[in-house]
Amino acid sequence: MKTLQKQNFFTLLTIIFLIGCTKSNDSAAELCATVCEHTLTAGETAATVPSSLDGTYELTYHTAQPGSPFTDGTKATFTIANNVLTVAVEGKECITIKNPVLIGTNNYKFKDSCRDNIAFNVSPNNDGSFNEVNVEPLGNGWLGQFSK
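Residues numbered from 1 in each chain as written. Predicted model: local features only at pLDDT ≥ 70, side-chain atom pairs only at ≥ 80, totals over all residues. Heavy atoms only, no water.

S.K.: Residues and numbers for the state of the cysteines, please.
M.R.: Taken as a whole and judged by the stated rule, the model has two disulfides. Two residues, Cys32 and Cys94, share a disulfide whose sulfurs are 2.1 Å apart. With the S-S bond torsion at -130°, the cross-link from Cys32 to Cys94 turns out left-handed. One end of the pair, Cys32, is in the loop between α1 (2-22) and β1 (34-37); the other, Cys94, is in the loop between β4 (84-89) and β5 (95-98), and 62 residues separate them in sequence. Here Cys36 engages in a disulfide with Cys114; their sulfurs sit 2.2 Å apart. (Disulfide = S-S within 2.5 Å. Helix = DSSP H or I, 4+ residues; strand = E, 2+ residues; numbered from the N terminus.)

S.K.: Explain the nonpolar core residue by residue, including any values.
M.R.: Counting 26 residues, the largest nonpolar core has Phe78, Phe120 and Phe146 as its most contacted members. Those elements giving two or more residues to this core turn out to be β2 (55-62), β3 (75-81), β4, β5, β7 (107-112), β8 (118-124) and β9 (130-137). Beyond its immediate sequence surroundings of up to four residues, Phe78 is in contact with Gly55, Thr56, Tyr57, Leu59, Leu85, Thr86, Val87, Phe120, Val133 and Phe146. (Core = buried A, V, L, I, M, F, W, Y, C linked by side-chain atoms within 4.5 Å. Buried < 20%, exposed > 50% of the residue type's maximum accessible area, 1.4 Å probe, protein only. Contact = heavy atoms within 4.5 Å.)

S.K.: So what's going on with the pairing of β5? Which residues, and what values?
M.R.: Regular strands place side chains that alternate from one sheet face to the opposite one. Bridge count for β1 against β5 is four bridges, and the pairing is parallel. Considered in β5, the bridge of Thr34 is made with Ile95. Here β4 runs beside β5; their pairing, made up of four bridges, is antiparallel. Residue pairing for β5: Val84 is matched across the bridge by Lys98. Between β4 and β5, which pair antiparallel one after the other, the connecting turn spans five residues, and Gly91 there sits at a positive phi close to 85°. (Pairing = 2+ DSSP bridges.)

Put into structure tokens, the structure is as follows:
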């Protein structure tokens with residue numbers, strides 16, 4: 001009987017441990033199968049996205065340019081947390097992008113050089129609040145934008 005009690009006790013501890021270890025305080029970024037960690041190249045400056053932009057944004061694509069990977073009206077969810085961007089565009093697998101590049105003084109370009117070869121440029125308003133996400137080629141240019 002003591003052996004059975006010990007087994008039950010250790011089984012209970014194992015279950016508690018497994019449940020506790022499966023919970024996470026990280027963002028939705030963990031849910032994406034593809035994680036792209038951009039490596040800075042010559043002339044690029046690492047960016048630190050201000051925590052005032054952290055949040056989840058439900059946006060719609062507008063002003064699609066020739067060569068754009070999205071059409072006008074495409075919906076997407078963008079989650080910014082701890083300098084990481086998670087992008088979930090309708091009809092596509094989500095992607096997590098790390099290591100943004102500073103563009104100008106306050107734009108944060110997350111380069112998806114792992115899967116789709118495009119960049120998501122998080123653009124704040126002048127007061128530092130969230131404005132929009134521009135879609136760009138990895139180099140220069142503009143393909144359209146996700147906004148409210």
